[in-house]
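Here's the letter readout for the chains.
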Amino acid sequence: MKRVAGLVLALVLAGCQSKEGMVKPDDPFYAPVQPSHIAPPPAANGSLYQQNYSMTLYGDRKAYRVGDVITILLTETTSSNKSTNSSLSKSTDVELVNPTILGQQPLNLATNIENDTSFSGKGSTGQSNSLEGSITVTVHQIYPNGLMLVKGEKWLNLTNGSEVIRVSGLLRPEDVSPENTAMSTKMADARLTYSGTGDLADSTRQGWLTRFFNSSWWPF
């Protein structure tokens, strides 16, 4: 009875986990900065120059304030390969002789036991991923050392579902080009997410029963 109850519980948990990893729109973490959170300009002191709100005639228009936008160019490429090879062998030889009692051997217990065990295994795995595109994000915070915390997301509503790109990380002002763009490889503590919802995304996910057989709940 306990086994049946445990199996039912495992199936329920596997079914609940099938929805894990699915993204949802309007995540407040990636929401743009609201105007009420942007610091107001400093009070005028009679000068035409206003700190942090000045514009130069000879410089490029680049993001450097909270609420400004930056276009992130996604140029991510990863590749990994791993292989392993293991072998194990063991040999055992046990010999038993007849016991001697009072100079005689009343029992014939002589025997010889030999055992040879060997094991060998090989495994290899390889994975490569690439992500290219662009997404415009918002400056959420500026650190005392000048680093800019940028966040943003882009949703694409397609016929058979939706696709989403989410980006967050730290950028140096020096890494922002004159065109107000920055490479994703220049971001520190970067978080890049590319996922989707709908029929196409569901077709690439394992069903709850398959997830159960591939999970640690399956004892075999």
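Structure report, in brief. Small disclaimer: the values here were computed from a predicted structure and weren't measured.

Side note on the overall build of the chain
Within the chain, the regular secondary structure consists of 3 helices and 6 strands. Classification of the 220 residues of the chain by burial places 21% in the buried group. Look at the contacts in the chain between residues 6 or more apart in sequence, and 64% of them connect residues 24 or more apart. Total accessible area on the chain is roughly 16,600 Å²; 55% of this is exposed by carbon and sulfur atoms.

Some words on the pattern of salt bridges
Counted by the stated rule, this structure contains 5 salt bridges. For the salt bridge of Asp27 with Arg166, the shortest nitrogen-to-oxygen distance reads 3.8 Å. With Asp27 in the loop between α1 (2–17) and β1 (69–96) and Arg166 in strand β4 (residues 161–171), this residue pair connects regions lying 139 residues apart in the sequence. Classification of Asp27 as partly exposed rests on a relative accessible area of 26%. A residue is classified by how much of its surface remains accessible, and Arg166, at 7% relative accessible area, is buried. Across the pair Asp189 and Arg191 runs a salt bridge, and its minimum N-O distance is 2.8 Å. Each of Asp27, Glu153 and Arg166 takes part in one network of salt bridges that share partners.

Structural notes on unusual backbone geometry
Here the phi dihedral of Asn180 falls at roughly 65°; this positive angle occurs in a residue that is not glycine. One can find Asn180 in the loop between β4 and β5 (181–183). On the basis of relative accessible area, Asn180 is assigned to the buried category, the value being 15%. Of note in this structure, Asp189 is not a glycine but carries a positive phi near 50°. Tracing the sequence through the fold places Asp189 in strand β6 (residues 188–198). What makes Asp189 exposed here is its relative accessible area of 53%.

Let's talk about the environment of Gly133
Here Gly133 is to be found in strand β2 (residues 111–142). Since its relative accessible area comes to 35%, Gly133 is described here as partly exposed. Taking C-alpha positions, Gly133 is 7.1 Å from Thr75, a pair spaced 58 residues apart along the chain. Once residues lying within four places of it in the same chain are set aside, the contact partners of Gly133 are Ile72, Leu73 and Leu74.

Observations regarding the nonpolar core
Within the largest apolar cluster, 15 residues are counted, with the highest numbers of intra-cluster contacts made by Ile70, Ile72, Leu74, Ile135, Val150, Val167 and Leu171. Those elements that provide at least two residues to this core are β1, β2, β3 (148–158) and β4. The element contributing the most residues to this core is β2, with 4 residues. Dropping the residues within four chain positions of it, Val167 is found in contact with Tyr30, Leu74, Ile135, Val137, Val150, Lys151, Gly152, Met187, Arg191 and Leu192.

Cut-offs applied
- Residues numbered from 1 in each chain as written.
- Predicted model: local features only at pLDDT ≥ 70, side-chain atom pairs only at ≥ 80, totals over all residues.
- Heavy atoms only, no water.
- Helix = DSSP H or I, 4+ residues; strand = E, 2+ residues; numbered from the N terminus.
- Buried < 20%, exposed > 50% of the residue type's maximum accessible area, 1.4 Å probe, protein only.
- Contact = heavy atoms within 4.5 Å.
- Areas by Shrake-Rupley, 256 points an atom, 1.4 Å probe, with all protein chains shown as cover.
- Salt bridge = Lys/Arg side-chain N within 4 Å of Asp/Glu carboxyl O.
- Core = buried A, V, L, I, M, F, W, Y, C linked by side-chain atoms within 4.5 Å.

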